[in-house]
Amino acid sequence: MIYSFKGYTPVVHESSFVHPLAAVTGNVIIGKNCYIGPGAAIRGDWGQIILEDGVNVQENCTVHMFPGKSITLKESAHVGHGAIIHGANLGRNCLIGMNTVIMDDAEIGDESIVGAMAFVKAETKIPPRSLVVGNPAKVIKQVSDEMIAWKTKGTQLYQKLPQDCHNSLKAVEPLREVPENMKIQEGAYDTLRDFMKK
């Protein structure tokens, strides 16, 4: 759902997809080819939130901030399931792992990867191309070319997903029996193992 708040109405590019079970509120600007998953909450009630082109905010994520702050998730930022971005800025083509928490005034550098369940303290500055893990989160090494290639390819799947959702996602009544000819999705997506072989 899209909600106006105190005269601010979200701006969503027509190529992007906001799931009907997500909530986007107030001063939010969503660029091209962005995916916002079900259960995500992007609350621009107290400040502006900008999602540049190609950003994905997956299922059950929260993007919010303290009053008076504004934040940007730069081009191709990838926010994994259940993550919380609270008043932090995300660099271009970064990956935020599932259930990670990134606190106020933190800065995640371009092409950095923050591991699942990490806790990034307020005002932490993560340099570009850093691999970050733990609670509290610490840089453990630099992101390799292979790692960023894997990340970029995964994000490209999410950048194609909005069009797939526009074309085929629809509310339906469930089937009561499994059809005899039901197939598993094949060939549309490489698994991580398939990608690593290339």
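Reading guide: rules and limits
Residues numbered from 1 in each chain as written. Predicted model: local features only at pLDDT ≥ 70, side-chain atom pairs only at ≥ 80, totals over all residues. Heavy atoms only, no water. Helix = DSSP H or I, 4+ residues; strand = E, 2+ residues; numbered from the N terminus. Rg over C-alpha atoms; globule rule 2.2 N^0.38 Å. Buried < 20%, exposed > 50% of the residue type's maximum accessible area, 1.4 Å probe, protein only. Polar contact = N/O pair within 3.5 Å; in protein donor to acceptor, adjacent residues only side chain to side chain. Contact = heavy atoms within 4.5 Å. Pairing = 2+ DSSP bridges. Salt bridge = Lys/Arg side-chain N within 4 Å of Asp/Glu carboxyl O. Phe/Tyr/Trp six-rings, centres within 6.5 Å; stacked < 30°, edge-to-face > 60°.

Novice: Would you mind going over the overall build of the protein with me for this structure?
Specialist: Along the protein, the regular secondary structure elements total 2 helices and 20 strands. In terms of C-alpha radius of gyration, the protein reaches 17 Å, essentially the compact-globule figure of 16 Å for 198 residues. C-alpha extents for the protein along the principal axes are approximately 55 × 50 × 25 Å. Here the protein holds 198 residues, and 42% of them are scored as buried.

Novice: Looking at this structure, how should I read the side chain of Asp45?
Specialist: Locating Asp45 in the fold gives a position in strand β6 (residues 41-51). In terms of polar contacts, Asp45 uses its side chain to reach the side chain of Arg43, at 2.8 Å. In this structure the side chain of Asp45 is engaged in a polar contact, spanning 2.8 Å, whose partner is the side chain of His64. In contact with Asp45, not counting residues within four places along its chain, are Phe5, Thr25 and His64.

Novice: What is the right way to read unusual backbone geometry from this model?
Specialist: Among all residues save glycine, negative phi is the norm, and among peptide bonds the norm is trans. Cis geometry is found at the peptide bond from Asn135 to Pro136, where omega equals 0°. The residue Pro136 is located in the loop between β19 (130-133) and β20 (138-142) in this model. A positive phi angle is found at Lys6, which is not glycine, with a value near 50°. On the secondary structure map, Lys6 appears in the loop between β1 (2-3) and β2 (11-12). With phi around 65°, Met117 is a residue other than glycine that occupies positive phi space. In this fold, Met117 is placed in the loop between β16 (113-114) and β17 (119-120).

Novice: Would you take a moment to explain the sheet that holds strand β7 (residues 56-57) for this structure?
Specialist: Strand pairing in a sheet relies on backbone hydrogen bonds, with the paired strands running either antiparallel or parallel. Ordered by their spatial adjacency, 8 strands build an open sheet running β3-β5-β7-β10-β13-β16-β19-β20, and the pairing between neighbours is mixed. The open sheet has two edge strands, β3 (17-18) and β20, and neither has a second partner. In this sheet, strand β10 (residues 78-79) lies alongside β7 in parallel orientation, the contact comprising 2 bridges. Of the residues in β10, the one forming a bridge with Val57 is Val79.

Novice: In this structure, what is going on with the pattern of salt bridges? I would like to understand it.
Specialist: Opposite charge on two side chains makes pairing possible when the charged atoms of those side chains draw close. In this structure the tally under the stated criterion is 5 salt bridges. Asp145 is the salt-bridge partner of Arg129, the closest N and O atoms lying 2.9 Å from each other. Placement of Arg129 in the loop between β18 (125-126) and β19 and of Asp145 in helix α1 (residues 145-168) is noted, with a sequence separation of 16 residues between them. By relative accessible area, which is 21% here, Arg129 ends up partly exposed. For Asp145, a relative accessible area of 53% puts it in the exposed group. Connected via shared salt-bridge partners are Arg92, Glu111, Arg129 and Asp145.

Novice: Help me out: how do you make sense of the packing of aromatic side chains in this one?
Specialist: The description of an aromatic ring pair uses the distance of the two centres, along with the angle that the planes make with each other. Overall, the coordinates contain 2 aromatic pairs when judged by the stated rule. Ring geometry for Phe17 versus Tyr35: centroids 6.3 Å apart, planes at 15°, classification stacked. Pair noted here: Phe17 is in strand β3 and Tyr35 is in strand β5 (residues 35-36), with a separation of 18 residues, a long-range link. Relative to Tyr158, the ring of Tyr35 has its centre 5.7 Å away and its plane inclined at 55°; by these criteria the two rings are tilted.

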